[in-house]
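# A structural walkthrough
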Amino acid sequence: GCRRPRSSVAPMRCSEPRARLQAVVITAIAAIALLASHGAHARDLGVIGPVYPIAEPSLLEVIQAKLRQMQASGDLSRLQRESQARIQREVEQPAPVAGITKTTRARSFHFDPSIEVPYPIFDAEGRVIVAPGTRVNPLDTVSLSRPLLFIDARDTTQLDRAQRLLGERKGQVKLILTGGSYLDLMRRWKLAVFYDQQGHLTTQLGIRHVPALVTQDGKRLRIDELL
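Procedures and definitions
- Going along each chain's sequence as written, the residues are numbered from 1 onward.
- Owing to the predicted nature of the model, reporting of local features is limited to residues with pLDDT of at least 70; listing and counting of side-chain atom pairs is limited to 80 or more, with chain, interface and lining totals taken over all residues.
- Hydrogens and waters are ignored; side-chain quantities use all the structure's heavy atoms.
- Axis lines are fitted to C-alpha atoms, over the contacting stretch for helices. Their N-to-C directions set the angle, which ranges from 0 to 180 degrees.
- Only DSSP runs of H or I reaching four residues or more are called helices, and only runs of E reaching two or more are called strands; each is numbered from the N terminus.
- Angle categories: roughly parallel below 35 degrees, roughly antiparallel above 145, roughly perpendicular from 65 to 115, and oblique for all the rest.
- In a left-handed crossing the near helix is turned counterclockwise from the far helix by less than a right angle, and in a right-handed crossing that turn is clockwise.
- Only heavy atoms enter the contact rule, under which two residues are in contact if any of them lie within 4.5 Å.
- Under the scheme applied, nonpolar residues are Ala, Val, Leu, Ile, Met, Phe, Trp, Tyr, Cys and Pro; charged residues are Asp, Glu, Lys and Arg; polar residues are all the others, including Gly.
- Side-chain atoms within 4.5 Å link the members of a nonpolar core, which is a set of buried Ala, Val, Leu, Ile, Met, Phe, Trp, Tyr and Cys residues.
- For every residue, the accessible area obtained with a 1.4 Å probe (protein chains only) is divided by the maximum for its type, and the residue is called buried under 20%, exposed over 50%, and partly exposed between those limits.
- In this description, strands pair whenever DSSP reports at least two bridges between them.
- What pLDDT reports is the predictor's confidence in each residue, on a scale of 0 through 100.
- Take a side-chain nitrogen of Lys or Arg and a carboxyl oxygen of Asp or Glu: if they are within 4 Å of each other, that pair is a salt bridge.
- The method works on a 1 Å grid over the protein atoms by themselves. A cavity is a set of points holding a 1.4 Å probe that cannot get out, a pocket is an open set with protein on both sides within 12 Å along at least five of seven lines, and residues with an atom within 4 Å of a point line them.
- Grid points are joined across faces, edges and corners, and a volume is the space filled by probe spheres set on the points.

In this section: the packing of helix 4 (residues 156–168) against helix 5 (residues 182–189). Contact geometry for helix 4 and helix 5: axes closest at 14 Å, N-to-C directions at 45 degrees. For the element pair helix 4 / helix 5, the angle class is oblique. In this structure, helix 4 crosses over helix 5, and the sense of that crossing is right-handed. Side by side, helix 4 and helix 5 meet where L159, A162, Q163 and L166 of the first sit next to L185, R188 and W189 of the second. In the contact of helix 4 with helix 5, the residues fall into five nonpolar, one polar and one charged.

This is how it looks when you write it as structure tokens:
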């Protein structure tokens, strides 16, 4: 239907028929599809306005400039000194093994070092000498040369106990620290001292308290957590 506007001068406006509205929509969709198809075959439309090259400094140049700036200000030398001091502290005083405490009650137990071979082991001529799934005990071929004594060198009572054991066994004990400075103890006691880095040995052997003495008992290892 038609509706006359309030102004008598303006022409009368009528609503578009439904068929014409559909035609307009279809035409618009066709136009969008046509533009999309032309976009797939892009053409050089020329240059509009001036063109400037992308100026971006290389990462290496930025790093070198930053290093020169730090060297001039003295920051580079300061960072080098701090890094050296931190590394020296970590070497001389490693982080204590987490979860290891001082023995409050004596405990003895055994550890079986046997392992199951997951893959075949061949000899020099390519023959299988150990089949997969075979259980192998290292103590069948090698022996524990010396007892292992685990202590925390920050505890003077544990150091005293270690000295007594070293005297009783005529020095035939391998000393392994779970805390404290192994370098300092090496200098003072004039003997080789080791450190249980990240607690690998104590975790594998099931040691939770120190001092702990590890000795060979047949085909097993005996662990005594000492008071």
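In terms of nonpolar packing, the biggest core is built from 17 residues, with L149, I151, L175, L177, L185 and W189 touching the most fellow members. Within the residue set of this core, elements represented by two or more residues are strand 9 (148–152), helix 4, strand 10 (174–179), helix 5 and strand 11 (193–195). No other element matches the four residues that helix 4 contributes to this core. Discounting chain neighbours no more than four positions away, the residues touching L175 are L149, I151, A162, L185, W189, V193 and F194.

We now examine the pairing of strand 13 (residues 212–217). With three bridges joining them, strand 9 and strand 13 adopt antiparallel strand pairing. Across the sheet, residue F150 finds its bridge partner in strand 13, namely A212. Here strand 13 pairs with strand 14 (residues 220–225) via six bridges, running antiparallel. By the bridge assignment for strand 14, L213 is matched with D224.

In the case of a regular strand, side chains alternate between the two sheet surfaces. In this sheet, strand 14 lies alongside strand 4 (residues 107–111) in antiparallel orientation, the contact comprising five bridges. Note that in strand 14 the partner of H110 across the bridge is R222. The antiparallel pairing of strand 13 with strand 14 creates a hairpin that spans two residues between the two strands, and G218 there sits at a positive phi of about 65 degrees.

For the rest of this paragraph, the subject is the confidence of the model for the protein. Across the protein, the average pLDDT comes to 81, with 71% of residues at 70 or higher. Ranking the elements of the protein by mean pLDDT puts strand 2 (residues 13–14) last, at 48, and strand 9 first, at 98. Within the model, the stretch residues 7–15 combines pLDDT values under 50 with eleven contacts to residues more than four positions away or in other chains. Note on residues 32–42: pLDDT under 50 across the span, and zero contacts to partners over four residues away in sequence or across chains.

Taken as a whole and judged by the stated rule, the model has nine salt bridges. With a shortest N-O distance of 2.9 Å, R107 and E225 are connected by a salt bridge. Of the two residues, R107 is situated in strand 4 and E225 in strand 14; the sequence distance between them amounts to 118 residues. Its relative accessible area of 22% is what places R107 among the partly exposed residues. Since its relative accessible area comes to 1%, E225 is described here as buried. With its nearest N and O atoms 3.2 Å apart, the salt bridge here joins R127 to E125. By relative accessible area, which is 61% here, E125 ends up exposed. Members of the salt-bridge network, linked through shared partners, are D123, E125 and R127.

A few words on the layout of surface pockets. In this structure, the largest pocket occupies an estimated 310 Å³ of space. Around the largest pocket sit 14 residues that line it, and F111, P113, Q204, L205 and L221 are the ones nearest its centre. Examining the composition of the lining of the largest pocket, we find that three residues originate from one element, helix 6 (residues 200–205), more than from any other.

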